[in-house]
Amino acid sequence: MSESNNIIKLFILRHGQSELNHENIFCGWIDAKLTQQGMDQARSSAKLIKQYLQKENIKVPTIGFTSRLTRTKQTLDTMLEELGQSEKKQVNVLVDNTDGEKQLDKKHPFQVIRVDSNTASDNNKNFQIYRSWRLNERHYGSWQGQRKPKILNEYGKEKYMFIRRDYNGKPPVVDLNKEMENEDPAAAAASIVEEGEEEYAFKEPNRKLKYDIEYKYGDITTLPDSESLSDVVERLKPLIYEFILPRIKDTDNKSGIIVGHGSSVRSILKILCDISDDDIKDVNIPNGIPLVLELQEVRGTSNEKSFKFLNKFYLDPELAKVNAEKVKNEGFQKGQ
Ligand SMILES: O=C(O)[C@H](O)COP(=O)(O)O
């Protein structure tokens, strides 16, 4: 096998701007949609990928991965329109298989549930999308739905930045009774906010409804109520090594698109580029700018050692630098 045909290329990006990014509100597992600017970012990220593929004489990837949140779905769907793949897509949801000990089953950790109802033209659908809750944003605990400047004011700069960026920083747990949409619409309509309690305008979707496929087909015992970046790294590792990389490696051109979130993209980089716990604090991910990550497949080694990091670069490095700095400073600017 020659050097060049065992190179795996990942196109990794954070979704375009969401309604809550726009409002400077912690989003986490709240299911915000993209703004118009977010849709535009998705489209221009696909244009950048297209230009790069043409320049390098590489075919469009045939596989993509998103979280289970709407903002990554909308981003990838919009990108596929621009890449001419939207008619070809086949959508699958990955659910966890656990062994008796409630650990991921080592032999068959994930089950693929096809969610497209149209099976008639399956043969033409050669762009495979896989969605997994393991690619979701970090669960931002009780900070979800709250304005960043307000939290900064309450916790002070040091604690605010520690929880946002330290590898082990973790927000207080969410009170799911209060901060999750009610399963029963009638009960939701009747729910009264006690005097002096804050009304949560932005809530996490009811999990039984949002993750119905996971509840129906898989073992779902581990959905979090607050996470540090290290928690996200742990939940992502099996997905990356047991599913994403082996699938991408088996495609014709060994490339794939991954659309994640600020913290899930930071976690992917931490895992694949071997970034230290300390250095990851300074990594901020801009919305909607693709990063190319190249890995070399090393034959004859076990999972985690079988992909060696080679190179990574943004397709618009200048804009990525400016926008990453803005992400870092969220909450601090006046007038937010
Ligand atoms: O969940 C969120 O609000 C953002 O996507 C990430 O926020 P952060 O950059 O403050 O960690």
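Keep in mind that what you see is a predicted model, and the values were worked out from it rather than measured.

Comments concerning unusual backbone geometry
Part 1 of the argument: Even without glycine at this site, N57 takes up a positive phi of about 55 degrees.
Part 2 of the argument: Turning to its location among the elements, N57 is positioned in the loop between α2 (36-56) and β2 (63-66).
Part 3 of the argument: Look at N57 and you get exposed, because its relative accessible area is 73%.
Part 4 of the argument: At K254, a position not held by glycine, the phi torsion is positive, near 50 degrees.
Part 5 of the argument: In this fold, K254 is placed in the loop between α10 (229-249) and β6 (255-260).
Part 6 of the argument: Using a relative accessible area of 14% as the deciding quantity, one classes K254 as buried.

Examining the site of the ligand
Part 1 of the argument: Near the ligand the following residues occur: R14, I25, F26, C27, G28, E137, Y140, K148, R164, R165 and V327.
Part 2 of the argument: Measuring from an oxygen atom of the ligand, one finds a backbone N or O atom of G28 at 2.9 Å.
Part 3 of the argument: K148 is positioned with one of its side-chain polar atoms (N or O) 2.9 Å from an oxygen atom of the ligand.
Part 4 of the argument: Here the ligand occupies the largest cavity.
Part 5 of the argument: When its residues are assigned to classes, the shell around the ligand shows five nonpolar, one polar and five charged.

Some remarks on empty space enclosed by the protein
Rolled over the atoms, a probe as big as a water molecule pinpoints where empty space is left.
Part 1 of the argument: Applying the stated criterion across every chain yields a total of one cavity of 30 Å³ or more.
Part 2 of the argument: Looking at the largest cavity, its volume works out to about 220 Å³.
Part 3 of the argument: Put simply, the parts of the chain that give the lining of the largest cavity at least two residues each are α5 (157-165) and α11 (262-272).
Part 4 of the argument: A per-element tally of the lining of the largest cavity places α11 first, with three residues.
Part 5 of the argument: In terms of residue class, the lining of the largest cavity is built from six nonpolar, seven polar and eight charged.

Regarding the packing of aromatic side chains
Part 1 of the argument: If you walk through the whole model with that rule in mind, you get 15 aromatic pairs.
Part 2 of the argument: By way of ring pairs, the aromatic residues F26, Y140, W143, Y155, Y160 and F332 are connected into one cluster.
Part 3 of the argument: Positioned above the aromatic ring of Y215, the side-chain terminus of K208 is 5.4 Å from the ring centre.
Part 4 of the argument: Here the basic side chain of K270 rests over the ring of Y167, its NZ or CZ set 4.6 Å away from the ring centre.

Remarks on the sheet that holds strand β4 (residues 110-114)
Part 1 of the argument: In spatial order, the strands read β4-β3-β5-β2-β6-β1-β7-β8; together these eight strands make up an open sheet with mixed pairing. This sheet does not close on itself; its edge strands, each paired only once, are β4 and β8 (307-314). In this sheet, neighbouring strand axes are inclined to one another by 25 degrees on average, regardless of whether the strands run parallel or antiparallel.
Part 2 of the argument: When strand β1 (residues 7-14) meets strand β7 (residues 291-297), the two strands line up antiparallel, connected through six bridges. Looking across to β7, one finds that L10 is bridged to L293.
Part 3 of the argument: Each of β1, β2, β3 (89-96), β5 (127-131) and β6 touches helix α3 (residues 70-82); the most contacted strand, β6, lies at about 140 degrees to it.

Section: the pattern of salt bridges
Pairing is possible between side chains that carry opposite charge, provided their charged atoms lie close to one another.
Part 1 of the argument: With the rule as written, the count across this model stands at 23 salt bridges.
Part 2 of the argument: Taking the shortest distance from any N to any O, the salt bridge between E23 and R147 comes out at 3.8 Å. With a gap of 124 residues between them, E23 in the loop between α1 (19-22) and α2 and R147 in the loop between β5 and α4 (148-155) connect regions that are remote in the sequence.
Part 3 of the argument: Judged by its relative accessible area of 36%, E23 is partly exposed.
Part 4 of the argument: Between K249 and E297 there is a salt bridge, with its nearest N and O atoms 3.7 Å apart. Of the two residues, K249 sits in helix α10 while E297 sits in strand β7, which places them 48 residues apart along the sequence.
Part 5 of the argument: Overlapping salt bridges bring together R43, K50, E81 and E82 as one network.

Some points on the UniProt feature "site: Transition state stabilizer" (unreviewed entry) in the protein
Part 1 of the argument: Residues annotated in UniProt with the feature "site: Transition state stabilizer" (unreviewed entry) correspond here to H261.
Part 2 of the argument: Secondary-structure assignment places H261 in the loop between β6 and α11.
Part 3 of the argument: Here H261 falls in the buried class, since its relative accessible area comes to 0%.
Part 4 of the argument: Those residues in contact with H261, other than ones at most four positions away along the chain, are R14, H15, S67, L69, R71, T72, L135, N136, E137 and R266.

Calculation criteria
- Residues numbered from 1 in each chain as written.
- Predicted model: local features only at pLDDT ≥ 70, side-chain atom pairs only at ≥ 80, totals over all residues.
- Heavy atoms only, no water.
- Helix = DSSP H or I, 4+ residues; strand = E, 2+ residues; numbered from the N terminus.
- Buried < 20%, exposed > 50% of the residue type's maximum accessible area, 1.4 Å probe, protein only.
- Near = heavy atom within 4 Å.
- Polar contact = N/O pair within 3.5 Å; in protein donor to acceptor, adjacent residues only side chain to side chain.
- 1 Å grid on protein atoms, 1.4 Å probe; cavity = no way out; pocket = protein on both sides within 12 Å on 5 of 7 lines; lining within 4 Å.
- Sits in = over half its atoms within 2 Å of the grid points.
- Nonpolar A, V, L, I, M, F, W, Y, C, P; charged D, E, K, R; others polar.
- Points joined across faces, edges and corners; volume = space filled by probe spheres on them.
- Phe/Tyr/Trp six-rings, centres within 6.5 Å; stacked < 30°, edge-to-face > 60°.
- Lys NZ or Arg CZ within 6 Å of the ring centre and 35° of its normal.
- Pairing = 2+ DSSP bridges.
- Axes fitted to C-alpha atoms, helices over the stretch in contact; angles between N-to-C directions.
- Contact = heavy atoms within 4.5 Å.
- Salt bridge = Lys/Arg side-chain N within 4 Å of Asp/Glu carboxyl O.
- UniProt positions renumbered as here; feature names shortened; annotations may be inferred.

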